[in-house]
Amino acid sequence: MNKRILSVFVCCALYYSAQAQDAKGGISTDMMQQIKQSYQNTSADKAIRNAIGSNDIRKLALNQDNMKGMDTHFSVKVNSKGITNQKSSGRCWLFTGLNVMRAKAIDKYHLGSFEFSQTYPFFFDQLEKANLFLQGIIDTSDKPMNDKMVEKIIEIAETDPAGWRKTTLEERHRIMYEAANRLADMRGDLIGCMCAVTGKTVIEGDVEVSEAVDYARFYTTAMKKFAALDDIEIKPKGTILVISPWNFPCAIPVGGIVAGLAGGNTVILKPATVAAPVAWMFAKAFWDAGVPKEALQVIITNREALKVLTTAPAIKHIILTGGTDTAQNIARANPVTPLSAETGGKNVIILTASGDRDHAIMNIVASAFGNAGQKCSACSLLLVERSVYEDKNFQSKLKDAATSLKVGSVWNPGNIVGPMITNKNDKLLQAFNLEPGESWLVPPRFIDEKEYMLAPTVKWGVKPENFSFRTELFGPLLSVACIENLEEGIKLVNSLDYGLTSGLQSLDEEEQKLWKNSVIAGNLYINRGITGAIVNR
C-alpha cells in the first residue's frame, strides 16, 4: 500500500452508490433487545439510561417538577405548563433536559458538584468495568456461537428477505426523506445521547445531527440524476459494511448507511462500541421510516468478530472511518473487496505573511480545539511564515484565543471544549515532553483529577523531525512551526504520511493558486477552518 494514505470522506460513497455498489445490514429484534438491556443494566445514571432506552429525554425536560430550582442556562423561557414556546422537537427544550440528567446523576452518586469533569469519568469507568456495556453480545474470543451469530447476520443481509433490493428509487427516496424528518425530530435526544456517551458538546452535537439529516436527503436526490441518464443502469451491488467511529457517532455512520440504502443495497453497520447507544437511536429513525430491519442491521463486535465481517465474500463494499492501521489491516486481509476509507489526519494550516492574522487565528483555534481536538480533520499543525511567526503581537493573540475558550462540562451548553474520550492517550502524553528548541505558548493543563479534560494547549518551535510534527495526537494540542515561505510549507505538508484536510490562510491570489495546485490532501480550505464540511457544499 502506498505510504501516503489519502483519506476519502464517506460522502464519496455516492460514487459507489451510483455504480450500484450498495450495502446490506441489520440486527435481529432479539439482539437489539440484548444491546438495549445490556446498556441499561450497566449505565452509571438511571436518568440517562432510561432516557436513551425509552427515548424519554423530552418528557424529562418538559416535566414542570423536574425544572423547579434548576439553573437552565438558556434564553428560551418555559411557560407555566412546562412547555417551551417553540416546537418541543427542536433545540429549545434541550438544555433543560441536560440539566435534568446532570442533576439526577449528581443526586444518585452524591458527587456534590454539577461539573461533568466529575460525572463523566465515573460514567465511563462504569462502561469499562462492564466491558463497554456489551460483553457477551458478540465476543468470539471464547464463545464460538458468536461466529455463527455474525454469519447469520451476513446471511440475512445477503438473502434480503424483506426485498429491499427490489424497491424503486422513488420508494427509497420517500423513505429516506421520512428518516431525515425523524432524525430532525429526535435532534435533542441524539444530542443528549452524544453528550452522555461520548462527551460531545451541545454545539458539536447539534451540527452533527444537521449533517446526518442532510445526508439522509442528499443521496437519493443525487441518484435521481444518474437514474435519468439513458445510458446508465443502476443495480444494487449487494451487502455494504459500514464501520463508523466514536468521534462522529451520528453523522458519519448515517452517511454510510444512506449511501448504501439509496442504491437498493442492504447495510450492516458496525459502530464504535462506545458509541453504540447513539447508533441504536438513529437506526430506529430508519426502521420507523420504513427501512426493514433485515435491510439495515446493527452489530456490535470485538476486533476478532469484526474480521469475520471484513473478510466475508458476501460483503461487496466496505466503508470505513477509523484509524490508518485499521484500514491497512482490512486491505491486507481482504484485498478483493473495495474499501472506501477515511483514516487519520495530521492536518495542517499554513499562514503566510499575506494572510489576515485575526481571521486566521479564529479559524485555527476553531479547527484545532473543536470536539477537544478529536476530529480526524482537526488542525494539529500550524506552519507560519517567519515574519508572522516572530511577531509578538501574533503570539499574544493566538495565546489569548486559545486560553479564552471555555472548557468543562458538556451539560453546560456554553462550554466549547469538553472531555476527551479517554485519559490513556499515550501519543498525546508523549507530546507533553518538550524536545530541543520547543517551548509552550500555552502549557498543558488538565482541569479534572482523572485527566479527561485538557484545556487548549499550544506548543511552539516544533521542527519537522520532532514527534509532535508528524504524529496524529487526537487531542487539543496545536503544534506551531516556522517556515521561510509558502513553497517550503507545501513541501512539509506533502512530506507527511497523512492527506485528509489542509488549509491556507492567505489573501494573495497567486499564493492561493500555487497552494491549491500543489498540496496533496483530500479536502482543501482557503481562508476558513478545515473542519465542519457541509453536505453538497
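Calculation criteria
- Here, residues in each chain are numbered from 1, in the same order as that chain's written sequence.
- Totals for whole chains, interfaces and linings use all residues, but because this is a predicted model, local features are given only for residues with pLDDT of at least 70 and pairs of side-chain atoms are given and counted only at 80 or more.
- Hydrogen atoms and water are omitted, and side-chain values are computed over all heavy atoms in the structure.
- For the purposes of this entry, the term helix denotes a DSSP run of H or I that reaches at least four residues, the term strand denotes a run of E that reaches at least two, and both are numbered from the N terminus.
- In this scheme, a residue with accessible area under 20% of its type's maximum is buried, one over 50% is exposed, and one in between is partly exposed, where area comes from a 1.4 Å probe on protein chains only.
- Contacts are residue-level and defined by heavy atoms, with any inter-residue pair within 4.5 Å sufficient.
- Each nonpolar core is a collection of buried residues, namely Ala, Val, Leu, Ile, Met, Phe, Trp, Tyr and Cys, held together in the definition by side-chain atoms within 4.5 Å.
- Two strands form a pair only when DSSP identifies at least two bridges running between them.
- An axis is simply a line fitted to the C-alpha atoms; with a helix, the fit covers only the stretch in contact. Between two such axes, the angle follows the N-to-C directions and lies from 0 to 180 degrees.
- The path from the first strand over the helix to the second decides the hand: if it runs clockwise while the strands point away from the viewer, the crossover is right-handed.
- Given the number of residues in a helix, its expected span is that number minus one, multiplied by 1.5 Å.
- As used in this structure description, the phrase polar contact means that two N or O atoms lie within 3.5 Å; if the pair is within protein, one of them must be able to donate a hydrogen and the other to accept it, and residues adjacent in sequence are counted only when both atoms belong to side chains.
- Salt bridge, as used here: a side-chain nitrogen of Lys or Arg that lies within 4 Å of a carboxyl oxygen of Asp or Glu.
- Each patch is built from residues that are more than 30% exposed by relative accessible area and take part in no salt bridge. Like charges join if they lie within 9 Å; nonpolar side chains (Val, Leu, Ile, Met, Phe, Trp, Tyr) join within 5 Å.
- For every accessible area listed, the method is Shrake-Rupley and the probe measures 1.4 Å; residues are considered covered only by the protein chains on display.
- By the definition adopted for this analysis, an angle is roughly parallel if under 35 degrees, roughly antiparallel if over 145, roughly perpendicular if from 65 to 115, and oblique otherwise.
- Crossings are classed by handedness, with left-handed meaning an anticlockwise turn of the near helix from the far one by less than a right angle and right-handed meaning a clockwise turn.
- Note on residue categories: nonpolar means Ala, Val, Leu, Ile, Met, Phe, Trp, Tyr, Cys or Pro, charged means Asp, Glu, Lys or Arg, and polar means any other residue, Gly included.

**Re the overall build of the protein**
In terms of helices and strands, the protein carries 22 helices and twelve strands. A burial count over the protein gives 59% of its 537 residues as buried. In the protein, 75% of the contacts between residues at least 6 apart in sequence involve partners at least 24 apart.

**Some details on the nonpolar core**
Leu-183, Phe-282, Phe-286 and Val-291 are the most contacted members of the largest nonpolar core, which totals 54 residues. Among the secondary structure elements, those contributing two or more residues to this core are helix H9 (169-185), helix H10 (187-198), helix H11 (202-227), strand E1 (239-243), helix H12 (251-262), strand E2 (266-270), helix H13 (276-289) and strand E3 (296-298). Contacts of Val-291, omitting those with residues within four sequence positions, involve Trp-164, Ile-175, Met-176, Leu-261, Phe-286 and Leu-296. Grouped together as the second largest cluster of nonpolar side chains are 34 residues, Ile-361, Ala-372, Val-458 and Leu-478 included.

**A short note on the environment of Val-519**
Assignment of secondary structure puts Val-519 in the loop between helix H22 (509-518) and strand E12 (523-526). A residue is classified by how much of its surface remains accessible, and Val-519, at 9% relative accessible area, is buried. Considered as a pair, Val-519 and Leu-492 are 27 residues apart in the sequence and their alpha carbons are 9.7 Å apart. Setting aside residues no more than four positions away along its own chain, Val-519 makes contact with Ile-490, Val-493, Asn-494, Ser-502 and Leu-524.

**Some thoughts on the sheet that holds E12**
The seven strands are arranged E8-E9-E10-E7-E6-E11-E12 in an open sheet whose pairing can be described as mixed. Of all strands in the sheet, those bounded by a partner on one side alone are strand E8 (439-442) and E12. Pairwise comparison of adjacent strand axes, ignoring direction, gives a mean angle of 25 degrees for this sheet. Sheet analysis places strand E6 (residues 347-351) next to strand E11 (residues 501-505), joined by four bridges and oriented parallel.

**Remarks on the pairing of strand E4 (residues 315-321)**
Most of E4 is tucked away, with six of its seven residues classed as buried. Two elements, E4 and strand E5 (residues 339-342), share four bridges in a ladder whose sense is parallel. Bridge pairing in E5 places Ile-319 opposite Ser-340. What joins E4 to E5 is helix H15 (residues 324-333), and the crossover it makes is right-handed.

**Re helix H16 (residues 357-369)**
In an α-helix, one full turn covers 3.6 residues, which means residues spaced three or four apart are oriented alike. With 13 residues, H16 should reach 18 Å at 1.5 Å per residue; the first-to-last C-alpha distance of 18 Å fits that figure. All buried positions along H16 are accounted for by Ala-360, Ile-361, Asn-363, Ile-364, Val-365, Ser-367, Ala-368 and Phe-369. Lining the buried residues of H16 we find E6, strand E7 (379-385), helix H18 (392-403), strand E9 (457-460), strand E10 (477-483) and E11. At the N-terminal end of H16, a side-chain oxygen is found 3.3 Å from the backbone nitrogen of Asp-358, two or three residues along, and the residue is Asp-356. Two residues or fewer after H16 comes Asn-371, characterised by a positive phi angle close to 55 degrees.

**Some thoughts on the pattern of salt bridges**
Tallied over the entire structure, the rule returns twelve salt bridges. Each of Arg-386, Glu-390 and Glu-484 takes part in a single network of salt bridges with overlapping partners.

**Some details on the side chain of Thr-201**
Looking at where Thr-201 falls in the secondary structure, it is placed in the loop between H10 and H11. Accessibility expressed as a relative area gives 3% for Thr-201, which makes it buried.

**A few points about the environment of Arg-470**
Here Arg-470 lies in helix H20 (residues 467-470). Since its relative accessible area comes to 36%, Arg-470 is described here as partly exposed. Along the primary structure Arg-470 and Gly-345 are separated by 125 residues, whereas in three dimensions their C-alpha atoms are 9.9 Å apart. Those residues in contact with Arg-470, other than ones at most four positions away along the chain, are Lys-346, Pro-464, Ser-495, Leu-496 and Tyr-498. In this structure the side chain of Arg-470 is engaged in a polar contact, spanning 3.3 Å, whose partner is the side chain of Ser-495.

**Description of a nonpolar patch on the surface**
Together, Phe-226, Leu-229 and Ile-232 make up an exposed nonpolar region whose accessible area comes to about 230 Å². Mapped onto the secondary structure, Phe-226 falls in helix H11. A relative accessible area of 30% places Phe-226 in the partly exposed class.

**Quick look at the packing of H9 against H12**
Helix-helix packing is characterised by the crossing angle of the two axes and by the distance between the axes. Interhelical geometry of H9 versus H12 gives an angle of 160 degrees and a closest axis separation of 10 Å. Here H9 is positioned roughly antiparallel relative to H12, judged by the angle of their axes. Crossing handedness for the pair H9 and H12: right-handed. Contacts between H9 and H12 pair Leu-169, Arg-172, Met-176 and Leu-183 from the former with Val-254, Val-258, Leu-261 and Ala-262 from the latter. For the contact of H9 with H12, the class distribution of residues is seven nonpolar, no polar and one charged.

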